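# Topology and contacts: notes
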Amino acid sequence: MEFLFYMDEVFAPMNFGLLLLGTIGGLILGATPGLSPTMAVALLIPFTFKLEPQQGLILLGAAYTSTVAGGAVSAILLKIPGAPANIATTLDGHAMALKGEGAKALQLSFISSAIGGVFGVLLLIFLTPVLAQWALSFGPSHLFWLAILGVTVIGTLDSSSVVKGLLSGCIGLWLATIGFDDIMGAQRFIFHSSVSGGINVIPALIGLFAIPQVITMFAKGRQSNDAEVIVVQKHAVSEAFREVIKRKKALTIGTLIGSIIGLIPGVGGQIAGLVAYDQSKKFSSESEKFGTGHSEGVIAAEAANNAMVGPSLVPLLTLSIPGSPTAAVLLGGLLIHGIFPGPDLFINYPKVAWTFIDSMLIGQILMCVFGLYVAGLAASVARVPQSVMAAVVLGLAVFGSYSVQNTMGDVYVMGALGLSMYFLERFGFSAAPLVLGLILGPIAEANFIQGSMIANATVGTGTYFFTGWLNWLLIVIVVASVGYSVWMEVRNRRYTSKEEILS
Amino acid sequence: MSDLPRNQHIIASGVIATIGLTVAYISFTQEPAAAFLFPRLISSVFAVLAIWTFLKAVLGRTKVGNGLSGEAMKNLAPGLIVMVIYVFWAAKGLGFYTATAIAFFILLSLYDPAPHGEIKSWGKRVLITAGFMVVIYGLFAQLLYVFTPREIFF
């Protein structure tokens, strides 16, 4: 119950102010189509430099939670999901809005998001210390395999093509080796002075997530924003609460599926929402109403996509393996304060870790309260023309990258990686494994070298890295994730490729 | 698959294969060997996967990725040119605030669906640009104390 000890930290004036700012800002950003939660959090990182570590994390965590929930506003009122996680919400949410039940759909989405989100964070609270305690016994070989596992799982599950997913991961791992080698001090792959100190993670994250979105907006041309915002009629919040309780089966299915999917690295909120929607439909006595504006569809989808937020941070906080691109960005937020998450995070920085987790718990409730009132404003923001959004994001990306170390090199790295990523995405490559490779590369290399040294002095490299049940468990998971994805690809039965989701 | 995406896939995967092979070559030829131990490990996998992808593209068996349509290229080209000039030259050459204001206004004018013949819409663009510059100056110069490269005008 250590989390209760740090609960009052969340209510310190500055911390609570940042939590409110992150929550309200996240709701508005989330409602804006084209601004994904990952990109929103990446663009916010430069604003956390001057803050205390826990304050920075509170802001980023609140923004993460609220952007996922805020995406429901444009999904329901504009039929444009604010984020991929809200795709399933569009199916019944917009149909409800067309029937004049827009307010009800929004209320249901925020209430079920909050319930799912609180459950997810509670899972984070109770699972994290147990896993962290266990992870303390990990040696270099285990940490090496864990890093490889992180890149492999995301590479295979997040991409439409296993080979391209793994290739993206390799590119990320290679980018991580650029600069001076830590042990020998040798120069590696320094082809331009901008990368002589290695590639800084923050500008890289901003470039990889923000610039492709900017160019995608350019590619749409002079498109008028003709999406019509449906005017919502008043609906009593108490009735919405009663409706959620009445539809407890959909809520339970959404919450449980979201939480379980959140724990699996690489499987994002869009999968959680769609699987929960599908399962809720299967188990519903009114399955024929799904797709016609049925409240269960909204409840299941929204409970799931917010329930996955908390569990998706478990691998990051316990094993220093970010389970999702947004978790990788949050890792960047920790790294700029010199904090490296992992098993000893709760021993060395308990205040930072628990205040952050507690703020996510309180943030879920604030998100629900403000969501019910900010929805109208957020829907208006969602109509901001893409031309303005593109220019704003580009400007923020340039200033944000520069402010990391006050060097132009970071701006060039951001621009070059962003441009390359846009074209790579057009050819089926994904940013998530590349980012994971970039972040986990140093962990993998450091533990590989350390493990090799121990192995050379003791049992030999082969024996050291390939014996022991934990090494084998991790290797089996790596092989299984690759094998499973290959099998699914060969049988062409992947029920959620990115193209399918986006279509 | 039509010829355009197929050729695009060949070019894209060819570039990646070249990078993969170059990285592998450097990893296996540079000294000290101990510093390149990990790069050797990953570059081997990198090169194999990159060649695999290239061969699939050459054989026309690439199933993922739609490439770029002619219309998309036409649409994004002006924005891309402005972006490249802004990021890689103007931000340092003209100064961050001057370059950002110019780039922002040009991008807005290029992609804003409002008619180009109306004075009102030009006024709106100027106002939006000015508003953004005030916000960005407030955030970065006043709040975060970020000292950007010296401006051309001041």
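All values derive from a computational prediction rather than experimental measurement.

### Regarding the overall build of chain A
Along chain A, the regular secondary structure elements total 24 helices and two strands. The C-alpha radius of gyration computed for chain A amounts to 22 Å, which stays within 12% of the reference 23 Å derived for 503 residues, consistent with globular compactness. Projected onto its principal axes, the C-alpha coordinates of chain A cover approximately 70 × 55 × 45 Å. Classification of the 503 residues of chain A by burial places 63% in the buried group. A fraction of 80% describes how many contacts in chain A between residues 6 or more apart in sequence connect residues 24 or more apart.

### Some points on the overall build of chain B
Along its length, chain B carries five helices and zero strands. Taken over the C-alpha trace, chain B has a radius of gyration of 23 Å; the compact-globule value for 154 residues is 15 Å, which it surpasses by more than 25%. Once the C-alpha set of chain B is aligned to its principal axes, its extents read approximately 55 × 45 × 20 Å. Considering only contacts in chain B between residues 6 or more positions apart, those separated by 24 or more positions represent 66%.

### A word on the interface of chain A and chain B
Taken together, the contacts link 52 residues of chain A with 50 residues of chain B. If you tally residues by element for the side of chain A that touches chain B, the top one is helix 19 (residues 386-405) of chain A, at twelve residues. Split by residue class, the side of chain A that touches chain B holds 31 nonpolar, 13 polar and eight charged.

### Quick word on the confidence of the model for chain A
All names here are of chain A. The pLDDT averaged across chain A works out to 82; a share of 91% of its residues lies at or above 70. When the elements of chain A are averaged for pLDDT, helix 24 (residues 498-502) gives the smallest value, 50, and helix 20 (residues 408-426) the largest, 92. Within the model, pLDDT remains below 50 along residues 493-497, and this stretch shows seven contacts once partners closer than five positions in the same chain are excluded.

### Observations regarding the environment of A:Gly61
Residues and elements named next belong to chain A. Among the structural elements, Gly 61 can be located in helix 5 (residues 53-77). For the pair Gly 61 and Val 309, spaced 248 residues apart in sequence, the C-alpha to C-alpha distance is 9.5 Å. With residues up to four places along the chain from it excluded, the contact list for Gly 61 reads Phe 356, Ser 359, Met 360 and Gly 363.

### So, unusual backbone geometry
Between B:Glu31 and B:Pro32 the backbone carries a cis peptide bond, its omega angle lying at 0°. Secondary-structure assignment places B:Pro32 in the loop between helix 1 (3-29) and helix 2 (37-58). The residue A:Phe189 is not glycine, and still its phi comes out positive at about 55°. Checked against the element boundaries, A:Phe189 lands in the loop between strand 2 (187-188) and helix 10 (201-219). Positive phi is not limited to glycine here, since A:Asn406 has a value of about 55°. As for its placement among the helices and strands, A:Asn406 is situated in the loop between helix 19 and helix 20.

### Overview of the packing of helix 9 (residues 162-177) of chain A against helix 21 (residues 431-457) of chain A
All names here are of chain A. As a packed pair, helix 9 and helix 21 sit with axes 7 Å apart at the nearest point and diverge in direction by 50°. On the basis of their axis angle, the class for helix 9 and helix 21 is oblique. Crossing of helix 9 against helix 21: the hand is right-handed. Within the contact between the two elements, helix 9 uses Gly 165, Ser 168, Gly 169, Cys 170, Ile 171, Gly 172, Leu 173, Leu 175, Ala 176 and Thr 177 and helix 21 uses Pro 433, Leu 434, Val 435, Leu 436, Gly 437, Leu 438, Gly 441, Pro 442, Ala 444 and Glu 445. A class-by-class count of the residues in the contact of helix 9 with helix 21 yields twelve nonpolar, seven polar and one charged.

### A closer look at the confidence of the model for chain B
All names here are of chain B. Predicted confidence across chain B gives a mean pLDDT of 87, with 95% of residues reaching 70 or more. Within chain B, helix 4 (residues 96-111) carries the highest mean pLDDT (92), whereas helix 1 carries the lowest (88). Among the scores for the predicted complex, ipTM is 0.92 and pTM is 0.81.

### Considerations on the environment of A:Gly165
Structurally, the position occupied by A:Gly165 is in helix 9. Once the C-alpha coordinates of A:Gly165 and A:Ile154 are considered, the two residues, eleven residues apart in sequence, prove to be 7.7 Å apart.

### Topic: the packing of helix 5 of chain A against helix 6 (residues 87-98) of chain A
Residues and elements named next belong to chain A. For the pair helix 5 and helix 6, the least separation of the axes is 7 Å and the interaxial angle reads 55°. Here helix 5 lies oblique to helix 6, going by the angle between them. Helix 5 and helix 6 meet at a crossing whose hand is right-handed. Taken together, the residues of helix 6 that come into contact with helix 5 (itself represented by Ala 72, Ala 75, Ile 76 and Leu 77) are Thr 89, Thr 90, Gly 93, His 94 and Ala 97. Of the residues that constitute the contact of helix 5 with helix 6, the class distribution is five nonpolar, four polar and no charged.

### Let's talk about helix 4 of chain B
An ideal rise of 1.5 Å per residue puts 22 Å on 16 residues; helix 4 of chain B measures up with 22 Å between its terminal C-alpha atoms. Along helix 4 of chain B, the residues classified as buried are B:Phe96, B:Tyr97, B:Ala99, B:Thr100, B:Ala103, B:Phe104, B:Ile106, B:Leu107, B:Leu108 and B:Tyr111. Structurally, helix 4 of chain B contributes buried residues whose contacts are with helix 10 and helix 19 of chain A together with helix 3 (70-93) and helix 5 (119-143) of chain B.

### Observations regarding helix 4 (residues 37-44) of chain A
Buried residues dominate helix 4 of chain A, accounting for eight of its eight residues. For helix 4 of chain A, the set of buried residues is A:Pro37, A:Thr38, A:Met39, A:Ala40, A:Val41, A:Ala42, A:Leu43 and A:Leu44.

What counts and what doesn't
- Numbers given to residues run from 1 along each chain, matching the order in which its sequence is written.
- Chains and ligands are labelled sequentially in the order written, the chains with letters from A and the ligands with numbers from 1.
- Reporting of local features is limited, given that this is a predicted model, to residues whose pLDDT is at least 70; pairs of side-chain atoms are given and counted only at 80 or more, and all residues count toward the totals for whole chains, interfaces and linings.
- Comment: elements are numbered from the N terminus, with helices defined as DSSP H or I runs of at least four residues and strands as E runs of at least two.
- The globule rule is 2.2 Å times the number of residues to the power 0.38, and the radius of gyration it is compared with is taken over C-alpha atoms.
- Around each residue's C-beta, the other C-beta atoms within 10 Å are counted; 20 or more make the residue buried, 12 or fewer make it exposed, and counts in between make it partly exposed. All C-beta atoms are placed from the backbone.
- Here the contact rule is simple: place C-beta atoms from the backbone, and any two residues whose C-beta atoms are within 7 Å are in contact.
- Only Asp, Glu, Lys and Arg are considered charged in this grouping, and only Ala, Val, Leu, Ile, Met, Phe, Trp, Tyr, Cys and Pro are considered nonpolar; every other residue, Gly among them, is considered polar.
- Within a predicted model, pLDDT stands for the predictor's per-residue confidence, ranging from 0 to 100.
- Note on geometry: axes are lines fitted to C-alpha atoms, helical ones only across the stretch in contact, with angles between N-to-C directions running from 0 to 180 degrees.
- Should an angle lie under 35 degrees it is considered roughly parallel, over 145 roughly antiparallel, and from 65 to 115 roughly perpendicular; all remaining angles are considered oblique.
- Crossing handedness follows the turn of the near helix against the far one: under a right angle anticlockwise gives a left-handed crossing, and clockwise gives a right-handed one.
- Each residue after the first adds 1.5 Å to the expected span of a helix.

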